[in-house]
Amino acid sequence: MDLVEVLPNQLHMLRFSLGQAYLWQDGEALTLIDAGHAGSAEEIEGAMRSLGATPERLERIVLTHCHDDHVGAAGELAARWGAQVLAHRLDSPVIRGEQPVPEPVLLDWEIPLHTHALATVPQAPPTQVDRELEDGDVLGFGDGAYVVHAPGHTDGSIGIHLPRHGVLFTGDCVAAVGPLMLGVFNVDRPRAITTFTRLASLAPSVACFGHGDPLTENTAGALAKAALETAASG
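Below you will find a few notes about this structure. From a predicted model like this one, the values you see are computed outputs, not experimental measurements.

Section: the state of the cysteines
Turning to step 1, where the next piece is worked out: Counted under the stated rule, the structure contains 0 disulfides.
Turning to step 2, where the next piece is worked out: Unpaired in this structure, Cys-208 has its nearest cysteine sulfur neighbour in Cys-173, at a distance of 14 Å.
Turning to step 3, where the next piece is worked out: For Cys-208, a relative accessible area of 1% puts it in the buried group.

Below is the structure:
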């Protein structure tokens, strides 16, 4: 796992072999946005300690959606440190293991990528969700973190917007693997495109993706351009 500073003393990316999570610091209080794959709890704890942070101060784990590479270590981390797990109401039954992971509608070029991902990422264990989220909910970190319902990748995908810091976490709704693009493996591509447009309209100065490096320069313009091109191409 690589630990990458995004904003000094405040925001770091935890990059795994597939996908990534983010650690937000409000002084000593910690928030994880996504939790990596099953078995990565030790690495995440080590990353916290390497920053001088105390894992016992992990207050919440916000899951952007129900896929294994984002949910995997959430339950173990929550059990260790007493953090609350938060996810959208529509993805929570999947995270708890009550419903299967929804099948995406794959484009032809996505099929081999999806097969590789299924073979690479271990299945996440059923994980308790302590708080089910809705669009517009405000969370207690980042001087007010707003939940943005972002359906399309999954029905209960969310973005997290920290307007006072100009930071947007997109989950897998947007990707930056190569060119800035719509995320892959969507259950509803038209809704995902609409979501991309909505997220871009928030005009952040920093965008953090589920896959690909964060965008910290000309972010609003780049997101707007990519969303417009995506909507035009369908």
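Topic: unusual backbone geometry
Turning to step 1, where the next piece is worked out: Even without being glycine, Phe-185 reaches a positive phi, approximately 65°.
Turning to step 2, where the next piece is worked out: Within the secondary structure layout, Phe-185 lies in the loop between strand E13 (181–182) and helix H6 (189–201).
Turning to step 3, where the next piece is worked out: With a phi angle near 50°, Ala-203 is a residue other than glycine that sits in the positive phi range.
Turning to step 4, where the next piece is worked out: Tracing the sequence through the fold places Ala-203 in the loop between H6 and strand E14 (206–209).
Turning to step 5, where the next piece is worked out: Look at Ala-203 and you get partly exposed, because its relative accessible area is 46%.

Considerations on the side chain of Gln-20
Turning to step 1, where the next piece is worked out: With respect to the helices, strands and loops of the structure, Gln-20 is situated in strand E3 (residues 20–26).
Turning to step 2, where the next piece is worked out: For Gln-20, a relative accessible area of 3% puts it in the buried group.
Turning to step 3, where the next piece is worked out: At a separation of 3.2 Å, a polar atom in the side chain of Gln-20 contacts the side chain of Tyr-22.
Turning to step 4, where the next piece is worked out: In terms of polar contacts, Gln-20 uses its side chain to reach the backbone carbonyl oxygen of Phe-209, at 3.0 Å.
Turning to step 5, where the next piece is worked out: Those residues in contact with Gln-20, other than ones at most four positions away along the chain, are Met-13, Leu-14, Arg-15, Asp-34, His-70, Phe-209, Gly-210, His-211 and Gly-212.

Examining the pattern of salt bridges
Any two side chains of opposite charge can pair if their charged atoms end up close together.
Turning to step 1, where the next piece is worked out: All told, the structure shown has 15 salt bridges when counted by the stated rule.
Turning to step 2, where the next piece is worked out: With a closest N to O distance of 2.8 Å, Arg-80 and Glu-42 form a salt bridge. Taken together, the residues span a long stretch of sequence, with Arg-80 in helix H3 (residues 74–81) and Glu-42 in helix H1 (residues 41–50) at a distance of 38 residues.
Turning to step 3, where the next piece is worked out: Taking the relative accessible area as the measure of exposure, Arg-80 reaches 30% and is therefore partly exposed.
Turning to step 4, where the next piece is worked out: Taking the shortest distance from any N to any O, the salt bridge between Arg-80 and Glu-76 comes out at 2.9 Å. In this pair, Arg-80 and Glu-76 are both assigned in helix H3, 4 residues apart and thus about one turn of the helix distant.

Let's talk about the packing of H6 against helix H7 (residues 219–233)
Turning to step 1, where the next piece is worked out: Where H6 meets H7, the closest approach of the two axes is 9 Å, and the angle between their N-to-C directions is 160°. It follows from the interaxial angle that H6 and H7 lie roughly antiparallel. The hand of the H6/H7 crossing is left-handed. On H7, the residues that touch Ile-193, Phe-196, Thr-197 and Ala-200 of H6 are Leu-223, Ala-224, Ala-226, Ala-227, Thr-230 and Ala-231.
Turning to step 2, where the next piece is worked out: The residue inventory of the contact of H6 with H7, partitioned by class, reads 8 nonpolar, 2 polar and no charged.

Re the environment of Glu-76
Turning to step 1, where the next piece is worked out: The class of Glu-76 is partly exposed, set by a relative accessible area of 37%.
Turning to step 2, where the next piece is worked out: A C-alpha to C-alpha distance of 35 Å links Glu-76 and Trp-109, two positions 33 residues apart in sequence.

With respect to the side chain of His-37
Turning to step 1, where the next piece is worked out: By secondary structure assignment, the location of His-37 is in the loop between strand E4 (29–33) and H1.
Turning to step 2, where the next piece is worked out: Looking at His-37, the relative accessible area reads 17%, which means it is buried.
Turning to step 3, where the next piece is worked out: Excluding residues that lie within four positions of it along the chain, His-37 makes contacts with Phe-16, Asp-68, Asp-69, Gly-72, Ala-73, Val-121 and Pro-122.

Some points on the pairing of strand E5 (residues 58–62)
For a regular strand, side-chain orientation follows a simple rule: the groups alternate between the two sheet faces.
Turning to step 1, where the next piece is worked out: Burial of E5 is extensive: 4 of the 5 residues sit out of reach of the surface.
Turning to step 2, where the next piece is worked out: Two elements, E4 and E5, share 4 bridges in a ladder whose sense is parallel. In the strand pairing of E5, Leu-30 is matched with Leu-58.
Turning to step 3, where the next piece is worked out: Remark: the E4/H1/E5 crossover connection has right-handed handedness.

Thresholds applied
- Residues numbered from 1 in each chain as written.
- Predicted model: local features only at pLDDT ≥ 70, side-chain atom pairs only at ≥ 80, totals over all residues.
- Heavy atoms only, no water.
- Disulfide = S-S within 2.5 Å.
- Buried < 20%, exposed > 50% of the residue type's maximum accessible area, 1.4 Å probe, protein only.
- Helix = DSSP H or I, 4+ residues; strand = E, 2+ residues; numbered from the N terminus.
- Polar contact = N/O pair within 3.5 Å; in protein donor to acceptor, adjacent residues only side chain to side chain.
- Contact = heavy atoms within 4.5 Å.
- Salt bridge = Lys/Arg side-chain N within 4 Å of Asp/Glu carboxyl O.
- Axes fitted to C-alpha atoms, helices over the stretch in contact; angles between N-to-C directions.
- Parallel < 35°, antiparallel > 145°, perpendicular 65-115°, else oblique.
- Left-handed = near helix turned anticlockwise from the far one by under 90°.
- Nonpolar A, V, L, I, M, F, W, Y, C, P; charged D, E, K, R; others polar.
- Pairing = 2+ DSSP bridges.
- Right-handed = clockwise from strand over helix to strand, strands pointing away.

Geometric values such as these leave the question of function open.
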